[in-house]
Amino acid sequence: MGDYHEFIILVQRKTGIDLSLYKEVQMKRRLTSLRNKKGFSDFSSYFQAISEDQELFDEFLDKITINVSEFFRNYSRWKVLEEKVVPMLVKKNRPLKIWSAACSTGEEPYTIAIILSQYTDVSNIRILATDIDANVLDQARMGRYRENSLQDVPKSMLNIHFTRSGDFYQVNQNIKKCVTFRSHNLLSDPYPANFDLIVCRNVLIYFTEEAKHNIYQKFSQSLFDGGVFFVGSTEQIFNPHQYDFRVLDTFFYQKQ
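Residues numbered from 1 in each chain as written. Predicted model: local features only at pLDDT ≥ 70, side-chain atom pairs only at ≥ 80, totals over all residues. Heavy atoms only, no water.

In the nomenclature of an unreviewed UniProt entry, the protein chain corresponds to protein-glutamate O-methyltransferase from the organism Aquibacillus albus. The heading Catalytic activity (unreviewed entry) in the UniProt record of the protein chain holds the text "L-glutamyl-[protein] + S-adenosyl-L-methionine = [protein]-L-glutamate 5-O-methyl ester + S-adenosyl-L-homocysteine". (UniProt positions renumbered as here; feature names shortened; annotations may be inferred.)

Have a look at this one:
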């Protein structure tokens, strides 16, 4: 058995994270680079180190969870959400239940809350935001961001929903209250249910086809009939019908 494959088994025993469900070439390259940078020549010694050093372990988790996020990332897609999906959601005339999966440092769920707050009272917005990485969830709960994370936020929204403090912008409390952050592993944890909207963007491209298939099935089961699944701009689903989805718009799928 190869050094990397033994490492995969040890990591799963320690964390519950199954690296074999990620595309091997990309993940192995990423972790080999990190391992070498930290001065380890093989995965056996690297695993020993991350088992004993919390800082190294946290850095390892950051590397496998691909934390790249900003408000209104791929702005044109958020306009589709606002103009085509949100009107459908608010017609339900009840509190809306939304899941931002693999939410990273929180820009995505706060973006959703900001958009929805223009069309319904914030008391009707209930967003579950999940990620596997405890460090990014801690950052997300703070709701404090540097200016480069907010470059696509319309000026009117920036003025209403954020308070500037030195080099940072703080998400205002009425938006923060809409979002609950929680740890969740898409590959192994049970999926919550009864959502009107699930957003999972720019994450599934790192998983194997088998893992993606299982995740799509679980997301479909987690949606109400008529609920919407919003994916990233490189994650088009080529056979949506097998998951009881129909194409609503590019990168938006509605459960039938």
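**Thoughts on the overall build of the protein chain**
Along its length, the protein chain carries 10 helices and 10 strands. Over its C-alpha atoms the protein chain spans a radius of gyration of 19 Å, differing by no more than 12% from the 18 Å that the globule rule assigns to 256 residues. With the principal axes as the frame, the protein chain shows a C-alpha extent of 55 × 50 × 25 Å. Of the contacts formed within the protein chain by residues at least 6 apart in sequence, a portion of 72% connects residues at least 24 apart. Carbon and sulfur atoms form 46% of the exposed surface of the protein chain, whose accessible area is close to 12,200 Å². (Helix = DSSP H or I, 4+ residues; strand = E, 2+ residues; numbered from the N terminus. Rg over C-alpha atoms; globule rule 2.2 N^0.38 Å. Contact = heavy atoms within 4.5 Å. Areas by Shrake-Rupley, 256 points an atom, 1.4 Å probe, with all protein chains shown as cover.)

**So, the side chain of Arg77**
Examined against the element boundaries, Arg77 turns out to sit in helix α5 (residues 75-90). A distance of 2.9 Å separates the side chain of Arg77 from the backbone oxygen of Thr250, its partner in a polar contact. Among all residues touching Arg77, those that are not within four sequence positions of it are Arg201, Phe230, Asp249, Thr250, Phe251 and Phe252. (Polar contact = N/O pair within 3.5 Å; in protein donor to acceptor, adjacent residues only side chain to side chain.)

**So, the packing of aromatic side chains**
Aromatic ring pairs: the centre-centre distance and the angle between the two ring planes describe each pair. One pass over the structure, following the stated rule, counts 26 aromatic pairs. Ring centres of Phe229 and Phe245 lie 5.6 Å apart, and the angle between their planes is 25°; this geometry places the pair in the stacked category. Note that Phe229 is positioned in strand β8 (residues 223-231) and Phe245 in strand β9 (residues 245-249), a separation of 16 residues in sequence. For the residue pair Phe229 and Phe245, the accessibility class agrees, reading buried in each case. Note that Lys97 overlies the ring of Phe195, its terminal NZ or CZ placed 4.9 Å from the centroid. The aromatic ring of Phe168 is capped on one face by Arg144, whose charged end is 4.0 Å from the ring centroid. (Phe/Tyr/Trp six-rings, centres within 6.5 Å; stacked < 30°, edge-to-face > 60°. Buried < 20%, exposed > 50% of the residue type's maximum accessible area, 1.4 Å probe, protein only. Lys NZ or Arg CZ within 6 Å of the ring centre and 35° of its normal.)

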